Protein chains: 2
Amino acid sequence: TQDPLANHRNQFALPEGVIYLDGNSLGALPHATRTRVQGVVAKEWGDGLIRSWNAANWIDLPRRVGAKIAQLIGAESHEVICADSTSINLFKVLATALRLQASSRDRKVIVSERTNFPTDLYVAQGLVDLLGQGHSLQLVEFDEAAAAIDERTAVVMLTHVNFKTGAMHDTPALTGRAHEAGALMVWDLSHSAGALPVTLNKADADIAVGCGYKYLNGGPGAPAFVFAAGRHLSAMANEPFAQPLAGWLGHRAPFEFDPDYRPAMSIDRFAVGTPSILGLSALEVGVDTVLAAGIDALRAKSIALTELFIRIVEAQCHGVALESPRNVQHRGSQVCFSHPHAYAVMQAMIARGVIGDFRAPDILRFGFAPLYVRYADVWDAAKCLHEVIAGSEWQRDEFHLKAAVT
Amino acid sequence: TQDPLANHRNQFALPEGVIYLDGNSLGALPHATRTRVQGVVAKEWGDGLIRSWNAANWIDLPRRVGAKIAQLIGAESHEVICADSTSINLFKVLATALRLQASSRDRKVIVSERTNFPTDLYVAQGLVDLLGQGHSLQLVEFDEAAAAIDERTAVVMLTHVNFKTGAMHDTPALTGRAHEAGALMVWDLSHSAGALPVTLNKADADIAVGCGYKYLNGGPGAPAFVFAAGRHLSAMANEPFAQPLAGWLGHRAPFEFDPDYRPAMSIDRFAVGTPSILGLSALEVGVDTVLAAGIDALRAKSIALTELFIRIVEAQCHGVALESPRNVQHRGSQVCFSHPHAYAVMQAMIARGVIGDFRAPDILRFGFAPLYVRYADVWDAAKCLHEVIAGSEWQRDEFHLKAAVT
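Residues numbered from 1 in each chain as written. Chains lettered and ligands numbered in written order. Predicted model: local features only at pLDDT ≥ 70, side-chain atom pairs only at ≥ 80, totals over all residues. Heavy atoms only, no water.

Caption draft 1: Seen up close, the overall build of chain A. Secondary structure summary: chain A contains 12 helices and 13 strands in total. What you see for chain A is a C-alpha radius of gyration of 22 Å, in line with the 22 Å of a compact globule of 406 residues. Seen along its three principal axes, the alpha-carbon backbone of chain A occupies a region of about 65 × 55 × 40 Å. Buried residues in chain A amount to 65% of all 406 residues. Summarising the internal contacts of chain A: among those between residues at least 6 apart in sequence, 72% fall at separations of at least 24. Put simply, chain A shows about 13600 Å² of open surface, and 50% of that area lies on carbon and sulfur atoms. The positive charge centre, built from 35 side chains, and the negative charge centre, built from 42, are 2 Å apart in chain A. (Helix = DSSP H or I, 4+ residues; strand = E, 2+ residues; numbered from the N terminus. Rg over C-alpha atoms; globule rule 2.2 N^0.38 Å. Buried < 20%, exposed > 50% of the residue type's maximum accessible area, 1.4 Å probe, protein only. Contact = heavy atoms within 4.5 Å. Areas by Shrake-Rupley, 256 points an atom, 1.4 Å probe, with all protein chains shown as cover. Lys, Arg positive; Asp, Glu negative; His and termini not counted. Charge placed at Lys NZ, Arg CZ, Asp CG, Glu CD.)

Caption draft 2: Layout of the environment of Thr-96 of chain B. Residue and element names in this part refer to chain B. As for its position among the elements, Thr-96 is in helix 4 (residues 86–100). Considered as a pair, Thr-96 and Asp-106 are 10 residues apart in the sequence and their alpha carbons are 17 Å apart. Polar side-chain contacts of Thr-96 include one of 2.6 Å to the backbone oxygen of Lys-92. A polar contact is formed between the side chain of Thr-96 and the backbone oxygen of Ala-242, at a distance of 3.3 Å. (Polar contact = N/O pair within 3.5 Å; in protein donor to acceptor, adjacent residues only side chain to side chain.)

Caption draft 3: Highlighting the pairing of strand 10 (residues 334–338) of chain B. All names here are of chain B. With five of its five residues buried, strand 10 lies for the most part within the structure. Neither face of strand 10 is open: one carries Gln-334, Cys-336 and Ser-338, the other Val-335 and Phe-337, and all of them are buried. In this sheet, strand 10 lies alongside strand 9 (residues 321–322) in antiparallel orientation, the contact comprising two bridges. Of the residues in strand 10, the one forming a bridge with Leu-322 is Phe-337. (Pairing = 2+ DSSP bridges.)

Caption draft 4: Here's a closer look at the relation of the copies chain B and chain A. With an RMSD of 0.0 Å, the fit of chain B onto chain A corresponds to turning through 180° and sliding 0.0 Å along the axis. Taken together, these values place the two copies in the relation of a two-fold axis. (Least-squares fit on C-alpha atoms with pLDDT ≥ 70 in both.)

Caption draft 5: Broad picture of the interface of chain B and chain A. Facing 82 residues of chain B, the contacting portion of chain A comprises 82 residues. Buried area between chain B and chain A, both sides added, is near 7100 Å², and the carbon and sulfur share of it is 71%. One can count two salt bridges joining chain B with chain A. For Arg-99 of chain B, the salt bridge identified is with Asp-129 of chain A, shortest N-O distance 2.9 Å. Taken together, the links from chain B to chain A amount to 22 residue pairs in polar contact (both at pLDDT 80 or more). (Buried area = accessible area lost by both parts, 1.4 Å probe. Salt bridge = Lys/Arg side-chain N within 4 Å of Asp/Glu carboxyl O.)

Caption draft 6: Seen up close, the sheet that holds strand 10 of chain B. Residue and element names in this part refer to chain B. Overall, antiparallel pairing links the four strands, which are arranged 9-10-13-12 in an open sheet. Edge positions in the sheet fall to strand 9 and strand 12 (357–359), since each has one partner strand and no second. In this fold helix 11 (residues 342–351) packs onto strand 12 and strand 13 (363–367), with an angle of close to 40° to the strand it touches most, strand 13. (Axes fitted to C-alpha atoms, helices over the stretch in contact; angles between N-to-C directions.)

Caption draft 7: Region of interest: the state of the cysteines. Using the criterion set out here, one finds zero disulfides over all chains in the structure. Cys-211 of chain A provides the cysteine sulfur closest to Cys-82 of chain A, a residue in no disulfide bond, and the two sulfurs are 11 Å apart. In this structure Cys-82 of chain A comes out as buried when scored by relative accessible area, which is 2%. Free cysteine Cys-384 of chain B: the closest other cysteine sulfur is in Cys-317 of chain B, separated by 9.4 Å. (Disulfide = S-S within 2.5 Å.)

Caption draft 8: How the structure looks around the nonpolar core. Core analysis: the biggest nonpolar cluster contains 307 residues, and Ile-73, Phe-309 and Phe-366 of chain A together with Ile-73, Phe-309 and Phe-366 of chain B have the highest contact counts within it. Setting aside anything within four residues of it in sequence, one finds Phe-366 of chain B in contact with Leu-21, Phe-309, Ser-333, Gln-334, Val-335, Phe-337, Met-346, Met-349 and Leu-385 of chain B. (Core = buried A, V, L, I, M, F, W, Y, C linked by side-chain atoms within 4.5 Å.)

Caption draft 9: Representation of the sheet that holds strand 6 (residues 184–188) of chain B within the structure. Residue and element names in this part refer to chain B. Spatial ordering of the open sheet is given by 2-8-7-6-5-3-4, a layout of seven strands whose pairing is mixed. Each edge of the sheet is formed by a strand with only one pairing partner; in this case those strands are strand 2 (80–83) and strand 4 (136–140). The average angle at which neighbouring strand axes cross in this sheet is 20°, direction not considered. The sheet contact formed by strand 5 (residues 153–159) and strand 6 spans five bridges and is parallel. Among the inter-strand pairings, Met-157 is bridged to a residue of strand 6, identified as Val-186. Where helix 7 (residues 171–180) meets the sheet, its contacts fall on strand 5 and strand 6, and the angle it forms with strand 6 comes to roughly 150°.

Caption draft 10: Spotlight on the environment of Lys-383 of chain A. Its location among the elements puts Lys-383 of chain A in helix 12 (residues 375–390). Residues Lys-383 of chain A and Gln-133 of chain A, spaced 250 residues apart in sequence, show a C-alpha to C-alpha distance of 56 Å.

Caption draft 11: How the structure looks around the packing of aromatic side chains. Scanning the model with the defined rule gives 31 aromatic pairs over all chains in all. Cluster of aromatic residues (ring-pair linked, three or more members): Phe-117 and Phe-163 of chain A together with Trp-248, Phe-255 and Phe-257 of chain B. (Phe/Tyr/Trp six-rings, centres within 6.5 Å; stacked < 30°, edge-to-face > 60°.)

Caption draft 12: Just the pattern of salt bridges, in detail. Summed over all chains, the structure comprises 54 salt bridges over all chains. Glu-284 of chain B is the partner of Arg-36 of chain B in a salt bridge, and the nearest nitrogen-oxygen pair spans 2.9 Å. Taken together, the residues span a long stretch of sequence, with Arg-36 of chain B in helix 1 (residues 31–47) and Glu-284 of chain B in helix 9 (residues 277–293) at a distance of 248 residues. On the accessibility criterion, Arg-36 of chain B (24% relative accessible area) is partly exposed. Residue Glu-284 of chain B is classed as buried on the basis of its relative accessible area of 3%. Linking Asp-84 of chain B and Lys-92 of chain B is a salt bridge whose minimum nitrogen-to-oxygen distance equals 2.7 Å. For Asp-84 of chain B, a relative accessible area of 23% corresponds to the partly exposed category. Exposure remark for Lys-92 of chain B: the relative accessible area of 0% places this residue in the buried category. Here the salt bridges share partners, and the residues they tie into one network are Arg-36, Arg-64, Lys-68, Glu-284 and Asp-288 of chain A.

Caption draft 13: View of the confidence of the model for chain A. Overall, the prediction assigns chain A a mean pLDDT of 96, with 99% of residues at 70 or greater. Here the predicted complex carries an ipTM of 0.97, next to a pTM of 0.97. (pLDDT = per-residue confidence, 0-100.)

Structure (structure tokens):
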């Protein structure tokens, strides 16, 4: 009752009997999204048809939603655009960063962390393989990134908050270290945007990407976003293929149907093909729910939720070990515990209506989306974990069957 | 009344007072899409939350919708997947085709047509610039592609039906010519899939892409699709980065969170990031409307509609010249006329409720989506064109203002 954000939960359509601790994987549905999507489908598409690109301003949606996300990540509105998926955007920004470093002929290494979300690593592997010519990806442990940056480093690619442990990097310190060594810094904000304040421009950040369907509540497979600092957009002005995924909506004048690519002089150059209007419309509503609460208030509640959860679980549950940083300054909005039977334990919890995630090999992952997770949920989830571990239900066969997606 | 497809129009929510001849730009809304999207949002996302990746089979949607599209383009169900945008998919398939040709060291040229849809050219320009090392894009006129293919050609990239004139290439002949010269063939089916039968495997096609929001009625910015012939999927088996946009959903086992990319051995390797579930769900309904009518019946009606339109317009309208092929065997499902005041004429027609397209510099473009365009619409549209040209309303200032998107 003392939670200043308590009423914000009413914006969401959460099912009865469920405690949802997986908003870091797929954010919950805002009620307003249903109305918005219905309107986009029936009125804008059905009645407006092709006219809605102008009349309903579909053409501006990628920039308009980007400008809203900019407020959450410490960027200027003209530095962010929504487009494609996080993976595709990673390819764009890594290739762009390497291009911006092309004059330094001995800088061909992308430094990243072995425990990064795999798609980040795959995209980098695909890119260095495509480029050849000595480009490579160097993987280090989570805490070793700063030490690994040297005069051969072209780009440092790190995820702000780790997808598994919730461990959080120090963005200003690492960005500073990269710049000191002459490298560019690419941040993946997938597990931080919408959950905690990110201060890209204050950290002098270069380029970043992030996900729309986690804490931004954009819906399954929502469009992702790209940030590029204004100074880099200027530097790219005379390099038409600095961003190599050259599509018509990244052209300066897409509707002139010019056979030669002339890139937009703005963040639009990170646009490629025709954007998903259903996806962007749902994402806009999701981002609005975050803006309405305020990112500082969300972080304050997130800290309180995760601190409380750790305290109760450690007091009550046997056989679990905290795998997230204990210091909240180094932790995002999720808490992970290891347990030798983590997979089955999580399946048993889900069967009781407490939805978290299993991550191989032995991680129980609990996300605390502060917009809709209540303090009472923390107590109930910890009690559920205690009961499942203390009892024998996790031993039932059904909780050991692996589904296609876990 | 004698149109065997007349009832299929009832599947669509077309606004009163509008004759819609722009289904080649954005297909109309099927009624069933509203219900489907509402269900996906409220039930699958809202109630199911993260569980819907398994419970609602979201994870299979890209392949399931791809298998349906396969039926329309003469492919096997395991050869097609839905993903990303047409532009992004073009990058994937061009890079893949160049990779498959990498052993032929003197083949570094992509041959395409100057009048191709610009995004196709931009993507190719971005790719050859990224690769360097002698790769280049050679542009020729529409009818010169066959003659331009030689021993330096790695890939021929053509759009089956031209976005502006509706002129249609002979897919078997050009594919055969490319193969004869040792080149691979990339087809863009954006203006043919869903409007006319495409026979990829019969033509021994290699790789293709296409658009979901035109004749497939998938909605604004719907996901696009990729086809790769089974023999190429096998050939790529030992080349992890043959498709260089390496994302987690192209991995053989995405949920093992392996830090090393090991590509799927199937068409899945053209998947990259998390797909748009709203977009794919709407696209599935759109594709179902095409399958229900049958692609041969659609082609027969499309031919009749375009023949009729050409005949009436040429008999009644002054100052227009047919820019589409007169021979229906060489024409897709659209008809273009040039007129010196095409922009204003089209604006005046739109104001009267007949929605076609203007394409620079002087083209009036009319798309005949045979699923919902009626023979009566052909008469009424031609009458409207006649009246606008014969009268003076096109001279009104309001019809000369250019909107953001035309």
